[in-house]
Amino acid sequence: MKQAEMNTTVMRAFLWSGVVLVAALIGAQGWLMGFIPGPSPALDAKEIAQIFIDRRDSILLGALIQCICWSFYATWAIPIIMFIRKAERSYPILTYASLVNVGGGYVFFILIPMTWTAIAFRADTLDPSVIQIMNDWVWFDWLFTWPSFSIWMFIIAASIFFDHNRPTVYPRWVAYFNVWCGMLIFPAGLIGFFKVGPFAYDGIISFWFAVFVFFGWMVVMTVTTFRVISAEERLLSGAASAGTARAGKPGASSSPSGVVALDL
(Lines give C-alpha, C1' and ligand atoms only; values in the text may rest on other atoms or scores of the structure.)
Protein backbone atom coordinates (compact mmCIF):
# COMPACT_ATOMS: atom_id res chain seq x y z
CA MET A 1 0.00 0.00 0.00
CA LYS A 2 1.48 3.32 -1.09
CA GLN A 3 1.16 6.19 1.35
CA ALA A 4 0.68 9.80 0.26
CA GLU A 5 -0.22 13.02 2.02
CA MET A 6 -3.64 14.66 1.88
CA ASN A 7 -3.54 18.43 2.25
CA THR A 8 -6.84 19.06 3.97
CA THR A 9 -6.27 22.83 4.00
CA VAL A 10 -6.21 22.96 0.20
CA MET A 11 -9.18 20.60 -0.03
CA ARG A 12 -11.25 22.82 2.25
CA ALA A 13 -10.21 25.90 0.27
CA PHE A 14 -11.38 24.18 -2.92
CA LEU A 15 -14.74 23.41 -1.33
CA TRP A 16 -15.12 27.03 -0.21
CA SER A 17 -14.52 28.08 -3.82
CA GLY A 18 -17.87 26.44 -4.61
CA VAL A 19 -19.52 28.68 -2.02
CA VAL A 20 -17.98 31.67 -3.83
CA LEU A 21 -19.52 30.37 -7.07
CA VAL A 22 -23.00 30.32 -5.53
CA ALA A 23 -22.45 33.78 -4.01
CA ALA A 24 -21.49 35.10 -7.46
CA LEU A 25 -24.72 33.69 -8.87
CA ILE A 26 -26.74 35.66 -6.33
CA GLY A 27 -24.66 38.83 -6.28
CA ALA A 28 -23.49 39.18 -9.87
CA GLN A 29 -26.22 37.54 -11.92
CA GLY A 30 -29.08 38.35 -9.57
CA TRP A 31 -28.32 41.76 -8.08
CA LEU A 32 -26.02 43.39 -10.66
CA MET A 33 -27.37 41.96 -13.90
CA GLY A 34 -30.98 41.30 -12.91
CA PHE A 35 -30.91 37.92 -14.64
CA ILE A 36 -32.50 35.73 -11.96
CA PRO A 37 -34.61 34.78 -13.79
CA GLY A 38 -33.68 36.02 -17.23
CA PRO A 39 -35.83 38.02 -19.63
CA SER A 40 -38.93 36.20 -20.78
CA PRO A 41 -38.46 34.29 -24.06
CA ALA A 42 -41.82 35.75 -25.07
CA LEU A 43 -40.30 39.26 -25.37
CA ASP A 44 -39.66 40.48 -28.89
CA ALA A 45 -36.17 41.18 -30.24
CA LYS A 46 -36.26 44.94 -29.63
CA GLU A 47 -37.30 44.49 -25.99
CA ILE A 48 -34.48 42.03 -25.38
CA ALA A 49 -31.96 44.35 -27.07
CA GLN A 50 -33.10 47.29 -24.95
CA ILE A 51 -32.47 45.33 -21.75
CA PHE A 52 -28.83 44.82 -22.77
CA ILE A 53 -28.47 48.46 -23.80
CA ASP A 54 -29.98 49.80 -20.56
CA ARG A 55 -28.01 47.43 -18.31
CA ARG A 56 -24.79 47.40 -20.34
CA ASP A 57 -22.34 48.38 -17.59
CA SER A 58 -23.91 46.23 -14.88
CA ILE A 59 -24.00 43.24 -17.25
CA LEU A 60 -20.34 43.69 -18.18
CA LEU A 61 -19.31 43.95 -14.51
CA GLY A 62 -21.51 41.07 -13.41
CA ALA A 63 -20.28 38.87 -16.25
CA LEU A 64 -16.67 39.61 -15.32
CA ILE A 65 -17.32 38.55 -11.73
CA GLN A 66 -19.06 35.41 -12.90
CA CYS A 67 -16.29 34.57 -15.35
CA ILE A 68 -13.86 34.58 -12.43
CA CYS A 69 -16.03 32.90 -9.81
CA TRP A 70 -17.70 30.31 -12.01
CA SER A 71 -14.25 29.00 -12.88
CA PHE A 72 -14.34 27.61 -9.35
CA TYR A 73 -16.71 24.83 -10.42
CA ALA A 74 -13.64 22.79 -11.37
CA THR A 75 -11.78 23.43 -8.10
CA TRP A 76 -14.92 22.73 -6.06
CA ALA A 77 -15.30 19.34 -7.73
CA ILE A 78 -11.73 18.13 -7.08
CA PRO A 79 -12.18 17.00 -3.43
CA ILE A 80 -15.30 15.06 -4.41
CA ILE A 81 -13.42 13.37 -7.26
CA MET A 82 -10.59 12.48 -4.87
CA PHE A 83 -13.02 10.69 -2.58
CA ILE A 84 -14.59 8.93 -5.56
CA ARG A 85 -11.08 7.60 -6.25
CA LYS A 86 -10.79 6.41 -2.66
CA ALA A 87 -14.08 4.56 -3.06
CA GLU A 88 -12.85 2.63 -6.12
CA ARG A 89 -10.84 -0.51 -5.47
CA SER A 90 -8.86 -0.89 -8.70
CA TYR A 91 -9.29 0.67 -12.15
CA PRO A 92 -10.59 4.22 -11.50
CA ILE A 93 -13.33 4.23 -14.15
CA LEU A 94 -15.71 6.46 -12.19
CA THR A 95 -12.85 8.82 -11.31
CA TYR A 96 -11.88 9.28 -14.96
CA ALA A 97 -15.54 9.69 -15.93
CA SER A 98 -15.85 12.39 -13.27
CA LEU A 99 -12.81 14.28 -14.54
CA VAL A 100 -14.11 14.31 -18.11
CA ASN A 101 -17.61 15.24 -17.01
CA VAL A 102 -16.52 18.10 -14.74
CA GLY A 103 -14.25 19.45 -17.48
CA GLY A 104 -17.18 19.57 -19.87
CA GLY A 105 -19.42 21.15 -17.25
CA TYR A 106 -16.81 23.82 -16.60
CA VAL A 107 -16.96 24.82 -20.28
CA PHE A 108 -20.73 25.24 -20.06
CA PHE A 109 -20.30 27.43 -16.98
CA ILE A 110 -17.70 29.73 -18.50
CA LEU A 111 -19.53 30.21 -21.81
CA ILE A 112 -22.46 31.87 -20.02
CA PRO A 113 -20.74 35.08 -18.80
CA MET A 114 -18.55 35.14 -21.91
CA THR A 115 -21.63 35.30 -24.14
CA TRP A 116 -23.31 37.95 -22.00
CA THR A 117 -20.16 40.05 -22.29
CA ALA A 118 -20.12 39.69 -26.07
CA ILE A 119 -23.77 40.78 -26.29
CA ALA A 120 -23.38 43.79 -24.00
CA PHE A 121 -20.11 44.83 -25.66
CA ARG A 122 -21.90 45.79 -28.89
CA ALA A 123 -25.51 45.93 -27.71
CA ASP A 124 -26.07 49.38 -29.21
CA THR A 125 -24.94 48.34 -32.73
CA LEU A 126 -26.00 44.69 -32.99
CA ASP A 127 -29.17 43.81 -34.83
CA PRO A 128 -31.88 43.10 -32.19
CA SER A 129 -32.62 39.71 -33.75
CA VAL A 130 -28.98 38.71 -33.25
CA ILE A 131 -29.13 39.79 -29.60
CA GLN A 132 -32.34 37.81 -29.17
CA ILE A 133 -30.76 34.64 -30.55
CA MET A 134 -27.60 35.08 -28.47
CA ASN A 135 -29.68 35.66 -25.34
CA ASP A 136 -31.68 32.51 -26.07
CA TRP A 137 -28.40 30.66 -26.56
CA VAL A 138 -27.16 31.72 -23.11
CA TRP A 139 -30.25 30.39 -21.40
CA PHE A 140 -30.09 27.13 -23.33
CA ASP A 141 -26.48 26.85 -22.18
CA TRP A 142 -27.67 27.64 -18.66
CA LEU A 143 -30.40 25.01 -18.53
CA PHE A 144 -30.47 22.70 -21.56
CA THR A 145 -27.02 21.31 -20.70
CA TRP A 146 -28.51 19.55 -17.66
CA PRO A 147 -27.53 15.98 -18.79
CA SER A 148 -23.83 16.58 -18.16
CA PHE A 149 -24.47 17.55 -14.55
CA SER A 150 -27.10 14.88 -14.06
CA ILE A 151 -24.67 12.21 -15.25
CA TRP A 152 -22.08 13.30 -12.70
CA MET A 153 -24.69 13.03 -9.95
CA PHE A 154 -25.30 9.44 -11.06
CA ILE A 155 -21.54 8.79 -11.13
CA ILE A 156 -21.21 10.05 -7.54
CA ALA A 157 -24.11 7.81 -6.53
CA ALA A 158 -22.51 4.80 -8.22
CA SER A 159 -19.20 5.43 -6.45
CA ILE A 160 -20.99 5.32 -3.10
CA PHE A 161 -23.04 2.22 -3.92
CA PHE A 162 -19.87 0.38 -5.05
CA ASP A 163 -17.59 1.81 -2.33
CA HIS A 164 -15.43 -1.00 -0.92
CA ASN A 165 -14.65 0.90 2.29
CA ARG A 166 -16.50 0.10 5.50
CA PRO A 167 -17.90 2.45 6.49
CA THR A 168 -18.30 4.02 3.06
CA VAL A 169 -16.55 7.33 2.41
CA TYR A 170 -19.86 9.13 1.92
CA PRO A 171 -23.00 7.97 3.75
CA ARG A 172 -25.33 5.94 1.53
CA TRP A 173 -28.08 8.54 1.80
CA VAL A 174 -25.82 10.86 -0.25
CA ALA A 175 -26.02 8.33 -3.11
CA TYR A 176 -29.82 8.35 -3.07
CA PHE A 177 -29.79 12.14 -2.82
CA ASN A 178 -27.64 12.34 -5.96
CA VAL A 179 -29.92 9.96 -7.84
CA TRP A 180 -32.95 12.06 -7.01
CA CYS A 181 -31.22 15.33 -7.94
CA GLY A 182 -30.04 13.80 -11.21
CA MET A 183 -33.63 13.01 -12.12
CA LEU A 184 -35.26 16.14 -10.74
CA ILE A 185 -33.32 18.59 -12.93
CA PHE A 186 -34.86 17.00 -16.03
CA PRO A 187 -37.47 19.80 -16.50
CA ALA A 188 -34.60 22.06 -17.60
CA GLY A 189 -34.61 20.03 -20.82
CA LEU A 190 -38.14 21.12 -21.71
CA ILE A 191 -37.36 24.78 -22.38
CA GLY A 192 -37.16 24.21 -26.13
CA PHE A 193 -40.90 23.53 -26.25
CA PHE A 194 -42.22 26.56 -24.37
CA LYS A 195 -41.88 30.34 -24.55
CA VAL A 196 -44.29 31.04 -21.70
CA GLY A 197 -45.44 29.22 -18.59
CA PRO A 198 -43.72 27.06 -15.98
CA PHE A 199 -41.54 25.21 -18.52
CA ALA A 200 -40.15 28.31 -20.26
CA TYR A 201 -36.57 29.24 -19.42
CA ASP A 202 -37.84 31.83 -16.94
CA GLY A 203 -40.57 29.51 -15.61
CA ILE A 204 -41.15 28.25 -12.10
CA ILE A 205 -40.32 24.64 -12.97
CA SER A 206 -37.70 24.71 -15.72
CA PHE A 207 -35.83 27.61 -14.13
CA TRP A 208 -36.63 28.07 -10.44
CA PHE A 209 -37.12 24.42 -9.55
CA ALA A 210 -34.13 23.19 -11.58
CA VAL A 211 -31.88 25.93 -10.16
CA PHE A 212 -33.01 25.15 -6.61
CA VAL A 213 -32.23 21.45 -7.14
CA PHE A 214 -28.81 22.02 -8.72
CA PHE A 215 -27.45 24.64 -6.36
CA GLY A 216 -29.07 22.90 -3.40
CA TRP A 217 -27.16 19.81 -4.52
CA MET A 218 -23.94 21.84 -4.53
CA VAL A 219 -24.60 23.03 -0.98
CA VAL A 220 -25.36 19.51 0.30
CA MET A 221 -22.29 18.02 -1.41
CA THR A 222 -20.14 20.81 0.02
CA VAL A 223 -21.34 20.21 3.59
CA THR A 224 -21.03 16.42 3.35
CA THR A 225 -17.56 16.64 1.80
CA PHE A 226 -16.39 18.92 4.60
CA ARG A 227 -17.56 16.20 6.99
CA VAL A 228 -15.77 13.51 4.98
CA ILE A 229 -12.53 15.49 5.11
CA SER A 230 -12.83 15.83 8.89
CA ALA A 231 -13.54 12.10 9.23
CA GLU A 232 -10.53 11.27 7.04
CA GLU A 233 -8.34 13.52 9.18
CA ARG A 234 -9.37 11.69 12.34
CA LEU A 235 -8.97 8.28 10.71
CA LEU A 236 -5.60 8.93 9.13
CA SER A 237 -4.14 10.84 12.07
CA GLY A 238 -5.16 7.99 14.35
CA ALA A 239 -3.60 5.44 12.01
CA ALA A 240 -0.41 7.50 11.77
CA SER A 241 -0.19 7.78 15.56
CA ALA A 242 -0.70 4.05 15.97
CA GLY A 243 1.96 3.33 13.36
CA THR A 244 4.45 5.61 15.08
CA ALA A 245 3.78 3.97 18.43
CA ARG A 246 4.27 0.49 16.98
CA ALA A 247 7.52 1.58 15.38
CA GLY A 248 8.73 2.90 18.72
CA LYS A 249 9.26 6.43 17.45
CA PRO A 250 7.42 8.69 19.84
CA GLY A 251 9.64 11.61 18.91
CA ALA A 252 9.12 11.35 15.17
CA SER A 253 8.34 14.58 13.36
CA SER A 254 4.74 15.17 12.33
CA SER A 255 3.39 16.37 9.02
CA PRO A 256 2.78 20.06 8.46
CA SER A 257 -0.46 21.52 9.72
CA GLY A 258 -3.38 20.54 7.51
CA VAL A 259 -1.53 17.55 6.00
CA VAL A 260 -2.31 13.95 6.89
CA ALA A 261 -1.11 10.64 5.44
CA LEU A 262 -3.38 8.96 2.93
CA ASP A 263 -3.14 5.33 1.79
CA LEU A 264 -3.58 4.93 -1.99
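Cut-offs used in this document
- Residues numbered from 1 in each chain as written.
- Predicted model: local features only at pLDDT ≥ 70, side-chain atom pairs only at ≥ 80, totals over all residues.
- Heavy atoms only, no water.
- Helix = DSSP H or I, 4+ residues; strand = E, 2+ residues; numbered from the N terminus.
- Buried < 20%, exposed > 50% of the residue type's maximum accessible area, 1.4 Å probe, protein only.
- Contact = heavy atoms within 4.5 Å.
- Areas by Shrake-Rupley, 256 points an atom, 1.4 Å probe, with all protein chains shown as cover.
- Phe/Tyr/Trp six-rings, centres within 6.5 Å; stacked < 30°, edge-to-face > 60°.
- Polar contact = N/O pair within 3.5 Å; in protein donor to acceptor, adjacent residues only side chain to side chain.
- Disulfide = S-S within 2.5 Å.
- Core = buried A, V, L, I, M, F, W, Y, C linked by side-chain atoms within 4.5 Å.
- pLDDT = per-residue confidence, 0-100.
- Axes fitted to C-alpha atoms, helices over the stretch in contact; angles between N-to-C directions.
- Parallel < 35°, antiparallel > 145°, perpendicular 65-115°, else oblique.
- Left-handed = near helix turned anticlockwise from the far one by under 90°.
- Nonpolar A, V, L, I, M, F, W, Y, C, P; charged D, E, K, R; others polar.

Student: For the overall build of the protein, give the residues involved together with the corresponding values.
Tutor: Each helix and strand in the protein was counted, giving nine helices and two strands. In the protein, the succession of helices and strands from N to C terminus is β-α-α-α-α-α-α-α-α-α-β. Within the protein, buried positions represent 44% of all 264 residues. In the protein, once contacts between residues fewer than 6 apart in sequence are set aside, the share between residues at least 24 apart is 78%. For the protein, the accessible area works out to roughly 13300 Å², and carbon and sulfur atoms hold 70% of it.

Student: Describe the packing of aromatic side chains, with residues and values.
Tutor: Taken as a whole, this structure holds 32 aromatic pairs when the rule is applied. On the numbers, 6.1 Å between centres and 15 degrees between planes, the contact of tryptophan 139 with tyrosine 201 is stacked. Of this pair, tryptophan 139 sits in helix H6 (residues 128-143) while tyrosine 201 sits in the loop between helix H8 (172-184) and helix H9 (204-246), and the two are 62 residues apart along the sequence. Across the pair, exposure class does not vary: tryptophan 139 and tyrosine 201 are buried alike. Seen in terms of ring centroids, tryptophan 146 and phenylalanine 186 are 5.5 Å apart; in terms of plane orientation they differ by 90 degrees. Their pairing is edge-to-face. With a gap of 40 residues between them, tryptophan 146 in helix H7 (residues 146-161) and phenylalanine 186 in the loop between H8 and H9 connect regions that are remote in the sequence. Classification of phenylalanine 186 by relative accessible area gives partly exposed; the value is 41%.

Student: Give me the lowdown on the side chain of threonine 225, citing residues and values where you can.
Tutor: When you line up the elements, threonine 225 lands in helix H9. Reaching out from threonine 225, the side chain makes a polar contact with the side chain of tyrosine 170 at a distance of 2.7 Å. Beyond its immediate chain neighbours, meaning those up to four positions away, threonine 225 contacts Leu15, Pro79, Ile80, Phe83 and Tyr170.

Student: Go over the state of the cysteines with me, naming the residues and quoting the values.
Tutor: For the structure on display, the rule yields zero disulfides. Considering cysteine sulfurs only, cysteine 67 is the nearest to cysteine 69, which forms no disulfide, with 9.7 Å between them. On the basis of relative accessible area, cysteine 69 is assigned to the buried category, the value being 12%.

Student: An account of the nonpolar core is needed here, citing residue identities and associated values.
Tutor: With 67 residues, the main nonpolar core has Trp76, Trp116, Trp142, Trp152 and Trp217 as its most contacted residues. Ranked by the residues each element gives to this core, the list is headed by H9, at 12 residues. If near-sequence neighbours (up to four positions away) are discounted, tryptophan 76 is found in contact with Phe14, Leu15, Ser17, Gly18, Trp152, Trp217, Met218, Met221 and Thr222.

Student: Describe the environment of glutamate 233, listing the residues and the values that go with them.
Tutor: The topology assignment puts glutamate 233 in helix H9. Along the sequence, glutamate 233 and threonine 8 sit 225 residues apart, while their C-alpha atoms lie 7.8 Å from each other. Of the polar contacts made by the side chain of glutamate 233, one reaches the side chain of arginine 12; its length is 2.8 Å.

Student: Got a sec to walk through the confidence of the model for the protein? Specific residues and values, please.
Tutor: Chain-level statistics for the protein give a pLDDT mean of 89 and a share of 88% at 70 or above. Predicted confidence in the protein is weakest over strand S2 (residues 259-263), with a mean pLDDT of 51, and strongest over H8, with 97.

Student: Any chance you could break down the packing of helix H3 (residues 56-69) against helix H5 (residues 93-121) for me, citing the residues and the numbers?
Tutor: Look at H3 against H5: their axes get within 9 Å of each other, and the N-to-C directions meet at 155 degrees. The orientation of H3 relative to H5 falls into the category roughly antiparallel. Judged by the sense of rotation from one axis to the other, the crossing of H3 with H5 is left-handed. Along its contact with H3, which presents Arg56, Ile59, Leu60, Ala63, Gln66 and Cys67, the element H5 presents Ile110, Pro113, Trp116, Thr117, Ala120 and Phe121. Looking at the contact of H3 with H5 residue by residue, the class counts come to nine nonpolar, two polar and one charged.

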